[in-house]
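Spelled out, the chains give:
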Amino acid sequence: MAFTRATGKHRAPSRLSRRSANMAGAAALATTGVIGTLASPALAANTSTPTVEDTGLTQVVTAETLADQIADQAATQKQEAARAKAAAEAKHKAEARAKAAREAKERAARDAERKRLNSFVAPVSGSYISTGYKAGGAIWSSGSHTGIDFHAASGTTVHAVGSGTVVEAGWAGAYGNNVVIKMKDGSYTQYGHLSSISVSVGQSVTPGERIGLSGATGNTTGPHLHFEARTSPEYGSDINPVAYLRAHGVNV
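Residues numbered from 1 in each chain as written. Predicted model: local features only at pLDDT ≥ 70, side-chain atom pairs only at ≥ 80, totals over all residues. Heavy atoms only, no water.

1. Some points on the overall build of the protein
And step 1. Secondary structure assignment for the protein yields four helices and 10 strands.
And step 2. Walking the protein from its N terminus toward its C terminus, one meets helices and strands in the order α-α-α-β-β-β-β-β-β-β-β-β-β-α.
And step 3. For the protein, with 252 residues in total, the buried portion stands at 28%.
And step 4. Of the contacts formed within the protein by residues at least 6 apart in sequence, a portion of 60% connects residues at least 24 apart.
And step 5. Carbon and sulfur atoms make up 57% of the accessible area of the protein, which amounts to about 15,100 Å² in all. (Helix = DSSP H or I, 4+ residues; strand = E, 2+ residues; numbered from the N terminus. Buried < 20%, exposed > 50% of the residue type's maximum accessible area, 1.4 Å probe, protein only. Contact = heavy atoms within 4.5 Å. Areas by Shrake-Rupley, 256 points an atom, 1.4 Å probe, with all protein chains shown as cover.)

As structure tokens, then:
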């Protein structure tokens, strides 16, 4: 009895056709991310030995793994870039704060120095006026005192009362050793009867700077500092030295 091969819709698919269908299904699952444990048993149940047709799934899985690795690497690089940017911004802000603090400190120092240079001090620290302005007596050639005398033992430090330039430093007859300073405001101050002089003509001086030591040189009855305020460097242009000092903030 002869047998004929079944054909038509009742014919079972061939082994190659089944493998191809399985691979197509696996590839479809791979594209939607559903690959893992479902694909491998299905393939193992329908294939005996790997063939060249089976490599499609491996390629899909490998591509997806590589994509994940690239995504992870990109995310890591993005995080590192964000951290580097934050660190750079923090450093920039810290440098800006340090610069601002430094500039503020320098500005304060300049302001303090400007204030100091524009300030006035007493010519002798901790002293008092022993002879007032315009006091009368035969001891003065003009008939009256053209300045004020500060009590000071011989060798006491004498200060420039403010900022200015020395226009005279040396012997001046009845004034003995004396210093005359042209002040920044155009007025003049004189310091007489010094035992020694510490400055020279043309030298710039600042408030409180030592210009000499008190003494009893010239026409005097004892050691003290003779101080004058003038409108010019010449004798006879004197103004009230007490009012002058007080106008510049010095309490005498």
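2. Quick look at the side chain of Asn177
And step 1. Structurally, Asn177 can be placed in strand 5 (residues 177-183).
And step 2. Beyond its immediate chain neighbours, meaning those up to four positions away, Asn177 contacts Gly170, Trp171, Tyr191, Gly192, His193, Leu194, Ser195, Ile197 and Thr217.

3. With respect to the environment of Val121
And step 1. Its place among the elements puts Val121 in the loop between helix 3 (55-117) and strand 1 (129-131).
And step 2. Along the chain, Val121 and Asn251 lie 130 residues apart, while their C-alpha atoms are 8.8 Å from each other.
And step 3. Other than its neighbours up to four places away in sequence, Val121 contacts His159, Ala160, Val161, Pro207, Gly208, Leu245 and Val250.

4. Considering the pattern of salt bridges
And step 1. For the coordinates displayed, the defined rule picks out four salt bridges.
And step 2. Glu228 is the partner of Arg230 in a salt bridge, and the nearest nitrogen-oxygen pair spans 2.9 Å.
And step 3. Given a relative accessible area of 3%, Arg230 falls into the buried group.
And step 4. Exposure remark for Glu228: the relative accessible area of 0% places this residue in the buried category. (Salt bridge = Lys/Arg side-chain N within 4 Å of Asp/Glu carboxyl O.)

5. Let's talk about unusual backbone geometry
And step 1. In this structure, Lys134 takes a positive phi of about 70° despite not being glycine.
And step 2. Here Lys134 lies in the loop between strand 1 and strand 2 (148-151).
And step 3. A relative accessible area of 45% means that Lys134 is categorised as partly exposed.
And step 4. Here His193, not a glycine, exhibits a phi torsion of approximately 65°, which is positive.
And step 5. Mapped onto the fold, His193 is located in strand 6 (residues 188-197).

6. Some details on the packing of aromatic side chains
And step 1. In the structure shown here, the tally under the stated rule is four aromatic pairs.
And step 2. Look at Phe150 and Phe227: their rings are 6.4 Å apart centre to centre, the planes differ by 75°, and that puts the pair in the edge-to-face class. Of the two residues, Phe150 sits in strand 2 while Phe227 sits in strand 9 (residues 224-230), which places them 77 residues apart along the sequence.
And step 3. With a relative accessible area of 2%, Phe150 lands in the buried category.
And step 4. Put simply, the rings of Phe150, Tyr191 and Phe227 pair up and form one aromatic cluster. (Phe/Tyr/Trp six-rings, centres within 6.5 Å; stacked < 30°, edge-to-face > 60°.)

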